[in-house]
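If you want the building blocks of each chain, they are given just below.
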Amino acid sequence: METLLILMLLPPLAGAAVNGVLGRRLPQAAISLIGCGAAGFSMLFALLCAWTYSISAAQPAPFIHSYFTWIEAGSLRADYALYYDRLTLVMTVTVTVVAFLIHLYSRGYMQHEGGYYRFFTYLNLFLFMMLTLVTAANYPLMFVGWEGVGLCSYLLIGFYFRRPAAADAGKKAFIVTRIGDAGFAVGVALLFWTFGSLNFQETFGRIIALPAGEMQGTMTAVGLLLFLGAVGKSAQIPLYVWLPDAMEGPTPVSALIHAATMVTAGVYLVARSSPIYSHAPQALQVVAVIGCVTAFFAATIALTQNDLKRMLAYSTISQLGYMFIGCGVGAFAAGIFHLMTHACFKSLLFLAAGSVMHALDGELDMRKMGGLRRKMKTTFLTFFIATLAISGVPGLSGFFSKDEILAGAYEGPLGQPWLYWLGAFTAGLTALYMFRGLFLTFFGKSRLTPDLEHHVHESGSKMTVPLLVLALFSIVAGDVSWPKAFGGSESFDRYLEPVFKPSEDSLRAFAPSAAHGPGSDALMIFALLFAGLGILVAYWFYLRSTRLPALLAERFSLLYNTLLHKYYVDEFYDWLIVRPLRVGSEKLLWQECDVGAIDGVMVNGTAKLVDDAGGFLRRIQSGNIRSYASWVLLGATVWLAYVLWPR
Amino acid sequence: MIPIAHVLALSVALFVIGAAGFVFRKNIITVFMCIELMLNAVNLAFIGFSRYLGNLDGHLFVFFVIVVAAAEASVGLAIIIALNRNRDSLNIDDLDSMKM
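All figures in this text were calculated on a predicted structure; none of them were measured in a lab.

Caption draft 1: Expanded view of the overall build of chain B. A tally of helices and strands in chain B yields 3 helices and 0 strands. When the helices and strands of chain B are read in sequence order from the N terminus, they spell out α-α-α. Since a compact globule built from 100 residues should have a radius of gyration of about 13 Å, the 17 Å found for chain B marks it as more spread out than a globular shape. Taken over the C-alpha atoms alone, chain B extends approximately 50 × 25 × 25 Å along its principal axes. Burial analysis of chain B (100 residues in total) assigns 14% to the buried set. Taking contacts inside chain B between residues at least 6 apart in sequence as the whole, the part at least 24 apart equals 50%.

Caption draft 2: How the structure looks around the overall build of chain A. A count of helices and strands for chain A gives 26 helices and 2 strands. Its C-alpha atoms give chain A principal-axis dimensions of about 120 × 70 × 55 Å. In chain A, which comprises 647 residues, the proportion classed as buried is 51%. Sequence-distant contacts in chain A: of pairs separated by 6 or more residues, those separated by 24 or more amount to 81%.

Caption draft 3: Expanded view of the nonpolar core. By size, the foremost hydrophobic cluster in this structure holds 208 residues, and its most contacted members are F126(A), M130(A), I325(A), I336(A), L348(A) and A386(A). Here the element with the most residues in this core is helix α15 (residues 332-359) of chain A; it accounts for 18 residues. What A386(A) contacts, discounting residues up to four positions off in sequence, is F345(A), L348(A), L349(A), A352(A), A471(A) and S474(A). Core analysis: the second largest hydrophobic core is formed by 6 residues, A19(B), F22(B), I28(B) and V31(B) among them.

Caption draft 4: Structural detail: unusual backbone geometry. Residues and elements named next belong to chain A. Note the cis peptide between I237 and P238, where omega equals 5°. The topology assignment puts P238 in the loop between α8 (216-233) and α9 (242-245). In this structure, D361 is a non-glycine residue whose phi angle is positive, near 65°. Relative to the assigned elements, D361 resides in the loop between α15 and α16 (377-391). Assessed through the 11 C-beta atoms surrounding it within 10 Å, D361 is described here as exposed. Positive phi outside glycine occurs at Y568, with the angle close to 55°.

Caption draft 5: Here's a closer look at the packing of helix α4 (residues 116-135) of chain A against helix α5 (residues 139-157) of chain A. Residues and elements named next belong to chain A. Put simply, α4 and α5 touch, their axes get as near as 7 Å, and they point 155° apart. With respect to α5, the element α4 is oriented roughly antiparallel. For the crossing formed where α4 meets α5, the hand is left-handed. Across the interface between the two elements, Y122, L125, F126, M129, M130, T132 and L133 of α4 pack against L141, M142, V144, G145, W146, G148, V149, C152, L155 and L156 of α5. Looking at side-chain class alone, the contact of α4 with α5 contains 14 nonpolar, 3 polar and no charged residues.

Caption draft 6: Examining the pairing of strand β1 (residues 63-73) of chain A more closely. Pairing of β1(A) with strand β2 (residues 76-84) of chain A involves 9 bridges; the strand directions are antiparallel. Considered in β2(A), the bridge of T69(A) is made with D79(A).

Caption draft 7: Structural detail: the confidence of the model for chain A. Considering every residue of chain A, the mean pLDDT works out to 88; 98% of them sit at 70 or more. Least confident of the elements in chain A is helix α19 (residues 450-455) of chain A, whose mean pLDDT is 79; most confident is α4(A), at 94.

Caption draft 8: Spatial organisation of helix α2 (residues 28-53) of chain B. All names here are of chain B. The first and last C-alpha atoms of α2 sit 38 Å apart over 26 residues, in line with the 38 Å expected at 1.5 Å per residue. What α2 keeps buried is the set I28, V31, C34, L39, A41, N43, A45, F46 and G48. If you follow the buried residues of α2, they end up packed against α1 (4-24) and α3 (57-87). Just beyond α2, the residue with positive phi is G54, at close to 75°.

Caption draft 9: Geometry of the environment of A359(A). All names here are of chain A. With respect to the secondary-structure elements, A359 resides in helix α15. Classification of A359 as buried rests on a count of 20 C-beta atoms within 10 Å. Counting along the chain gives 241 residues from A359 to G600, while the straight-line C-alpha distance between them is 58 Å. Excluding residues within four positions of it along the chain, A359 makes contact with M376, V456, H457 and S459.

Caption draft 10: Quick peek at helix α3 (residues 86-109) of chain A. For α3(A), which comprises 24 residues, the first-to-last C-alpha distance of 34 Å matches the rise-based estimate of 34 Å (1.5 Å per residue) to within 8%. Across the 24 residues of α3(A), 23 count as buried, placing the element largely inside the fold.

Caption draft 11: Spatial organisation of the environment of M43(A). Residue and element names in this part refer to chain A. Along the chain, M43 turns up in helix α2 (residues 28-55). According to the C-beta neighbour criterion, M43 is buried, with 23 such atoms within 10 Å. Taking the C-alpha atoms as reference, M43 lies 9.1 Å from V98; in sequence the two are 55 residues apart. If we skip the residues at most four places from it in the chain, M43 touches T96, V97 and F100.

Caption draft 12: Main features of the packing of helix α13 (residues 281-304) of chain A against helix α18 (residues 417-442) of chain A. Residue and element names in this part refer to chain A. Orientation of α13 relative to α18, taken along the N-to-C sense of each, is 25°, at an axis distance of 9 Å. By the criterion of interaxial angle, the relationship of α13 to α18 is roughly parallel. For α13 against α18, the interelement crossing comes out left-handed. Contact residues: A288, C292, A295, F296, A299, T300, A302 and L303 in α13; L419, L422, G423, T426, L429, T430, L432 and Y433 in α18.

Calculation rules
Residues numbered from 1 in each chain as written. Chains lettered and ligands numbered in written order. Predicted model: local features only at pLDDT ≥ 70, side-chain atom pairs only at ≥ 80, totals over all residues. Helix = DSSP H or I, 4+ residues; strand = E, 2+ residues; numbered from the N terminus. Rg over C-alpha atoms; globule rule 2.2 N^0.38 Å. Buried ≥ 20, exposed ≤ 12 C-beta atoms within 10 Å, placed from the backbone. Contact = placed C-beta atoms within 7 Å. Core = buried A, V, L, I, M, F, W, Y, C linked by C-beta atoms within 7 Å. Axes fitted to C-alpha atoms, helices over the stretch in contact; angles between N-to-C directions. Parallel < 35°, antiparallel > 145°, perpendicular 65-115°, else oblique. Left-handed = near helix turned anticlockwise from the far one by under 90°. Nonpolar A, V, L, I, M, F, W, Y, C, P; charged D, E, K, R; others polar. Pairing = 2+ DSSP bridges. pLDDT = per-residue confidence, 0-100. Expected span 1.5 Å × (residues − 1).

Dropping the structure here:
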């Protein structure tokens, strides 16, 4: 088992090393063979790990193996140790499968782009870091993966670094997530300070053994700080602003990093730290509220976006909000379930969008598309399936996971009715904006320029095969957990029970009388009604009376413009943080401190002092030998007088 | 027996003459000779003290000074000749090319 785990982690690292060092001189075929081969092996070993773990006798207990001591300083000890339980299993399989498919897709998508080897190097490195993140057995090691994926995200967003927008977006992502990472680091430090250990097993064991209510203050602080890290990484309010800009990166990157895997690391962190949150219900409520508000807020922005990828980015933020609702109400398994299904259909949406973009020569404005359904049959079909899945149409994966989250929002240990209602309403908005995107892109009359009209073509099999596979997953991934209302047993929840049960139990101790809603059937029906309504409105607006949206936009121009400009949050941050920082840096730090004090007084001042003193003293150096001799004589006389003067 | 004070008075007189000549004369050769004069004034003081104290240490120093002075004279005169060939002048005030 320990060998298999290492074999799962190493291929991407080796692939990154080989491609990174030799890639410049290798032909494209060799680069893609190494890159995809590494991802493929990783997936293979991830599946083997899953199998070995599932048949092992000690199964529900986590498998932990320490490979070597990494840090040993005072009482701090962090091993290079891996932690494998059912949650890790779900995460590694999801990550490696999606990553492998996206690697395959990238062969086609990146074919004509420069820096082919660079792309695969970063992608492999990302996979390694992501696997480190989800398999780490202690917080420091997890932090390595956490920062590693952040680095790869930065490198890949800024992949087209000659374009200033891409380079800026990379920096923005890096800096904004850094704010959250600081919270993560402080939270981990606080945890170490409290418990003297950072191993999951040891720390969590002690936390779970705590009686309810004990150390609630510390646990709340740790929980909130860790959640700050998650907010940065998973693009929640108020740190979500980097994700839409991150769409400057190549589309496979948006699919892999900014939809399926890295941005869900925050959800994983919260779920993994569930014992901590189980003793900090207030912190968990913050998680739920922020998740819910983000889900709604991002969905409203997505309604008005005209850029296909940006719309999907806001959709990702919104869906991540759902996952946090799930975790925040104590239904951790539902959050992870949605993470898994979302990884399938959202990466599919992005890849299909990439296929459209590929066909349209980089065009992303949905107002300039339309009618692509006939020309790109596979892309359309897969996009359609993913849209159905994300909108929560029954039978597809998104329906099951979203339903579980919404049911949890009402009936979970910390559930509250308003979380459910806002969540359900957001589900309707989700259906509306997704179908708007679908109709604008693939239905109706073509609004392409004649030039592009000829150019449009279905992408090659390198790209369509991963699309089809992901479409299949988008349909069936939900079947692992049929809801009770359909005669199922929510088997995914049962499966993750060994991981989350202690936490959920101790949460129930805080809120013994959780709201008893109208029953899960009714909850499901309401959510479905909202989704159906969303689809109908989209149909009405964008296929039937296509002038209506423009009319509405004119009528409610204030609302429309606010949404179109994303609530002016970027402008607000610019005004609140960027500008004062910039002005302060320029006026005070640069012109006063640096130019005035450091350069003026210290650096140039020293030089000027020496210069002036030298200018004065050099008058002695007349060049006249006799005057030198006089000085020597004078000096000798003075010295003699001093020595010999009778005292 | 000549008292030490007389010897020292002569030595000081010679040294002051040498120093004054060094400072005020412009001809390099004269300046050079003034240096020799100062050295010899010091030699005289050494010898005087040596005799006064009744030991040979002073003699030792004098021999060293004479040896160094001989070496200095040969090198110095060679430099003066080279300078005279290059500059066609023995005026000490002309030799200021090191000044900025």
